[in-house]
Amino acid sequence: MVDENIYFNSYPIFLSSCATTKKETLYKRLGGKEGIEKITDNLIKNIGKDKEIFHYFAKTNISHFRRGLNLHLCDVSDGPCRYDGDSMVDIHTGMNINKSDFNHLVELLINAMEEANVNIRTQNQLLARLAPLREQVIHH
Amino acid sequence: MSKYIFLFTILFLNINSLYSKGKLIAAPGVSQIEGSAGGGLVPWSGVAGYATDNEYSANAFCSRAIVEDFALTSCGIQFSAYDQIELSYAKQLFRVHPLALDLEQNITGAKIKLTGDLIYSKWPMLSLGVQFKKLDDPTVPFALGAAKRSGTDFYIAASKLHLGALGGYNWLWNTTLRRTKANEMGLLGFGSGTKEAKWMAEISTAIILDPELALGIEFREKPDNLQLDESNWSDIFIAWFPNKNVSATLAYVDLGKIATIKGQTGWYMSFTGYW
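Everything numeric in this text was worked out from a predicted model, so none of it was measured. The residue numbers shown here count from 1 along each chain, following its written sequence. For naming, the first written chain is A and the first written ligand is 1, with later ones following in the order written. Where totals are concerned, whole chains, interfaces and linings use all residues; where local detail is concerned, this predicted model gives features only for residues with pLDDT of at least 70, and gives and counts side-chain atom pairs only at 80 or more. Calculated side-chain values reflect all of the structure's heavy atoms, with hydrogen atoms and water omitted.

Once that is clear, we can look at helix H6 (residues 62-76) of chain A. All names here are of chain A. In a regular helix each residue adds 1.5 Å, so 15 residues correspond to 21 Å; H6 covers 21 Å between its end C-alpha atoms and thus fits that length. We call a residue buried when its accessible area falls under 20% of the maximum for its residue type, exposed when it is over 50%, and partly exposed in between, using a 1.4 Å probe and counting protein chains only. Numbering goes from the N terminus for both helices and strands, where a helix is a DSSP run of H or I of at least four residues and a strand is a run of E of at least two. Taken residue by residue, H6 has Gly68, Leu69, Asn70, Leu71, His72, Leu73, Cys74 and Val76 as its buried positions. Where H6 is buried, its residues contact helix H3 (26-29), helix H4 (32-48), helix H7 (88-92) and helix H9 (120-130). One or two positions beyond H6, positive phi appears at Asp78, with a value near 65°. Expected helix span is taken as 1.5 Å per residue step, with the number of steps being one fewer than the number of residues. The contact rule is simple, with two residues in contact once any of their heavy atoms fall within 4.5 Å.

Here, nonpolar core means buried Ala, Val, Leu, Ile, Met, Phe, Trp, Tyr and Cys residues that are tied together by side-chain atoms lying within 4.5 Å of each other. If you look at the biggest cluster of nonpolar residues, it comprises 72 residues, and the most contacted ones within it are Ile39, Met113 and Leu126 of chain A together with Phe94 of chain B. When residues of this core are assigned to their parent elements, the largest contribution, 7 residues, is made by helix H8 (residues 99-115) of chain A.

A few words on a nonpolar patch on the surface. All names here are of chain B. Residues enter patches when their relative accessible area tops 30% and they take part in no salt bridge; the joining distance is 9 Å for like charges and 5 Å for the nonpolar side chains Val, Leu, Ile, Met, Phe, Trp and Tyr. Only the protein chains shown count as cover for residues, and all accessible areas are computed by the Shrake-Rupley method using a 1.4 Å probe. We count a salt bridge whenever a side-chain nitrogen from Lys or Arg sits within 4 Å of a carboxyl oxygen from Asp or Glu. Among the surface-exposed residues, Tyr56, Phe79, Tyr82, Ile85, Leu87, Ile112, Leu114, Leu128, Ile156, Leu177 and Trp199 lie close enough to one another that they form a single nonpolar patch of about 990 Å² accessible area. Taken together, the elements giving at least two residues each to the nonpolar patch come down to strand S5 (85-96) and strand S6 (101-115). Among the structural elements, Trp199 can be located in strand S10 (residues 198-210).

All names here are of chain B. Relative to the helices and strands, Ala146 resides in the loop between helix H2 (139-143) and strand S8 (150-166). C-alpha of Ala146 to C-alpha of Ser192: the two residues are 46 residues apart in sequence and 4.5 Å apart in space. Here Ala146 is in contact with Pro141, Asn183, Leu188, Gly189, Phe190, Gly191 and Leu226, once residues within four sequence places are set aside.

Throughout this description, disulfide means a covalent bond between two cysteine sulfur atoms. Residue and element names in this part refer to chain B. Disulfide assignment relies on a single distance test, namely cysteine sulfur atoms paired within 2.5 Å. Enumeration according to the criterion identifies 2 disulfides over all chains in this entry. Residue pairing for Cys62: its cysteine sulfur links by disulfide to Cys75, the two sulfurs lying 1.9 Å apart. Linking Cys62 and Cys75, the disulfide has an S-S dihedral of approximately 110° and is accordingly described as right-handed. Of this pair, Cys62 sits in strand S3 (residues 56-67) while Cys75 is found in strand S4 (residues 70-81), placing the two residues 13 residues apart along the sequence. For Cys75, a relative accessible area of 2% corresponds to the buried category.

See below:
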């Protein structure tokens, strides 16, 4: 880290971009509370229009889901929140979600982030935080 | 060639609706010159096509490499089931310009995924593969000292995609260890008087600039059974996945010395259709 900063500092052209991104949390790069709410709302809208996986959400309480997802995204991106909802396993038990459906939800999330103007590198970093949760979501 | 166009058409018209496409875009990779799913030169551990879980997939590809004194055309098909098993067939046509000669080789391949997932598992995805190769006419390879007209390659491949790992971009790597006796991939026959099969290392790595665009390099180690100073191969490639139906790959390849003729660099283009 230290070496990298010295390197970048000697090239002023990189300074502004790196000086800001180094300290920023993923939460901030996602646009903070407002940015995450936008992603969540876009995702809810995308799921609502989706033929393949909407049936998993047909009985979902939308406002409960919205609150839970906002908190969850805030928590995993190092924001000032603690997710206090049900565990991923509990939520998805009985749904028997397969790999294909899971990937499709990832695609809808990527679209939701695109629509919220989240850049590709920040998208990848959020996906990296969420990827380990797949085992708690599928085949339960 | 018309045979393959026919095949493309049949697959597209009849089977399109039967297959699902559960993998994320670009996850299956492209088709390597021996017909397995992979990069351009190297078979990767991923099973061909977009099928997951209880789905099937069928793919067809055509590739062409043109270097100074040689040209290789390779076309074929892949079939996969449950993202576990891949079967492939490729027909290679190798044009040797200085001799106005064509060498043809047929390759039947199989791959089985052992463990892991390209994206989600902590450990790399591991697969075992095999490629059965046979030359149509071994006269010239035999004249150069090759012992056999057919041979079998075995390989073990490991690969992993690391999300956001390269300055926020996704990073893919694959390492393949191949046990082979093939001379120039089999185009110049298999083995020679005394040479046994050897383990060869093959490496690919790519940065995913966009979910639809990968930029990478490959290296493929090769034996020198014929003592013609056979070269290792390398390439730099860009692969484009505009959707889950097709991919296009463009590469600059360095094939080194082939049959003692130096400086075999040139271009490679490949298309894969996914059903």
